[in-house]
Amino acid sequence: MAHFRGGFSNLLAPGYRKVVFETYKERPIEGTKLVNQSTSKRAYEEDFQLAGFGTLQPKVEGGPITYQDLAQGIPKRYTWTTYALGFRITQEMMDDDLYGIMGNKLAKALGRSARNNAEIVMASPFNNAFSTSFSGFVAGESLIGTHTSLRGIVQANAPTTATDLSLPALQAGLEHFHNLKDESGLPAMFMPKLLIHSIGDYWMANQLLKSQYLPGGNQNDVNQLSKEGLTPFLSHYMTDSDAWYILADNHDVNYFDRRPFTFSNTDDFETGDAKYKGTRRNGAGFGDWRGTYGSQGA
């Protein structure tokens, strides 16, 4: 498929004041707030988890101490997907285009496509947070759900019943981080920093976190949520309108660029057509579920 003069004859006709094409403003990149960014030079990357020791055990006088080994987890592998898109322009179309759309402006449009791809991939661990079969996760394990540690401790980073964003739901989410245990059952410190939400929860999230007094109350009760250091973060790439997530400062949700977006072009010798393409390889997933909490909404 190529851009022929017959298919884009309006670009050959003089007299247009302006051709409206890719003139929209763009939001700042959002996905970099959701993931830890890295690059890779390998066919895949892996995380491997070990559990340390539990708390000290009682020892009776004259009796032996308890010995304990490290506990080993299953390697978590990050794999890459290749994404690509291109366009082709006939030599005659390049010659006769009066508005400069063909060539550089189409190349810029391809760059916008690559930008959107990165946003989608960086948001994918959250958009698939409740899936146990997402390609970025270890089979059978979801980012948000019930987890069993290497020493058999069961913890959940989601409410027992999926719930919409509300004052009690958010309070329960923050309490989760205070009660969080590591793989051996020792207290783990994670500081919640972002409340990730879609436009569907925009008003609720800001009311909950920015009101000095309890939203909807008439007793001037202090809204402690506004003092917890949690910031609302509107993601335009969330696919579920009522899902919401809390992300801690030392989370382990990761994005890798195996090959960053690469743009190239060439001319076809036989036809004279100009051919352009953009490709990249990237992937996302998580090493440790700790540092996240969420609900897919009621």
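The preceding data block contains the structure.
Residues numbered from 1 in each chain as written. Predicted model: local features only at pLDDT ≥ 70, side-chain atom pairs only at ≥ 80, totals over all residues. Heavy atoms only, no water.

Asker: What's the story with the environment of Thr148 in this structure? I'm lost.
Answerer: Looking at where Thr148 falls in the secondary structure, it is placed in strand β7 (residues 146–148). Owing to a relative accessible area of 59%, Thr148 belongs among the exposed residues under this scheme. When the C-alpha positions of Thr148 and Glu183 are compared, they lie 8.5 Å apart, and in sequence the two are 35 residues distant. Sequence-distant contacts of Thr148, defined by excluding residues within four places in its chain, comprise Ile153 and Val154. (Helix = DSSP H or I, 4+ residues; strand = E, 2+ residues; numbered from the N terminus. Buried < 20%, exposed > 50% of the residue type's maximum accessible area, 1.4 Å probe, protein only. Contact = heavy atoms within 4.5 Å.)

Asker: It is not clear to me how the pairing of strand β12 (residues 253–267) should be interpreted in this structure. Could you clarify?
Answerer: Within a regular strand, side chains alternate between the sheet's two faces. Strand direction decides the pairing type here: strand β1 (residues 36–39) and β12, joined by 4 bridges, are parallel. Residue Gln37 lies in a different strand from β12, and its bridge partner there is Tyr255. Bridge analysis of β12 against strand β13 (residues 274–286) gives 12 bridges, and the strand direction is antiparallel. The residue bridging Arg259 from the neighbouring strand is Arg281, located in β13. Turn length for the β12-β13 hairpin, with the two strands adjacent in sequence and antiparallel, is 6 residues, and the turn residue Gly272 shows positive phi of about 80°. (Pairing = 2+ DSSP bridges.)

Asker: Help me understand the side chain of His147, please; the structure alone is not making it clear to me.
Answerer: Examined against the element boundaries, His147 turns out to sit in strand β7. Here the side chain of His147 touches Asn157 through a polar contact of 3.0 Å, side chain to side chain. If sequence neighbours within four positions are ignored, His147 has contacts with Glu141, Ser142, Ile153, Val154, Gln155, Asn157 and Trp289. (Polar contact = N/O pair within 3.5 Å; in protein donor to acceptor, adjacent residues only side chain to side chain.)

Asker: Hey, could you run me through the packing of aromatic side chains in this one?
Answerer: Evaluation of the coordinates by the stated rule reveals 10 aromatic pairs. Ring centres of Tyr202 and Trp203 lie 4.8 Å apart, and the angle between their planes is 85°; this geometry places the pair in the edge-to-face category. Under the relative-accessibility criterion, Tyr202 is labelled partly exposed at 29%. You can call Trp203 exposed: its relative accessible area is 61%. The aromatic ring of Tyr44 is capped on one face by Arg77, whose charged end is 3.6 Å from the ring centroid. (Phe/Tyr/Trp six-rings, centres within 6.5 Å; stacked < 30°, edge-to-face > 60°. Lys NZ or Arg CZ within 6 Å of the ring centre and 35° of its normal.)

Asker: Please explain the environment of Tyr67 as it appears in this structure.
Answerer: Within the secondary structure, Tyr67 sits in the loop between β3 (50–51) and β4 (71–72). Placed 10 residues apart in sequence, Tyr67 and Gln57 show a C-alpha to C-alpha distance of 9.6 Å.

Asker: How do you make sense of the environment of Ala84 when you look at a structure like this?
Answerer: Relative to the helices and strands, Ala84 is located in strand β6 (residues 81–89). Residues Ala84 and Ile199 lie 115 residues apart in sequence; the distance between their C-alpha atoms is 29 Å. Setting aside residues no more than four positions away along its own chain, Ala84 makes contact with Gly278 and Thr279.

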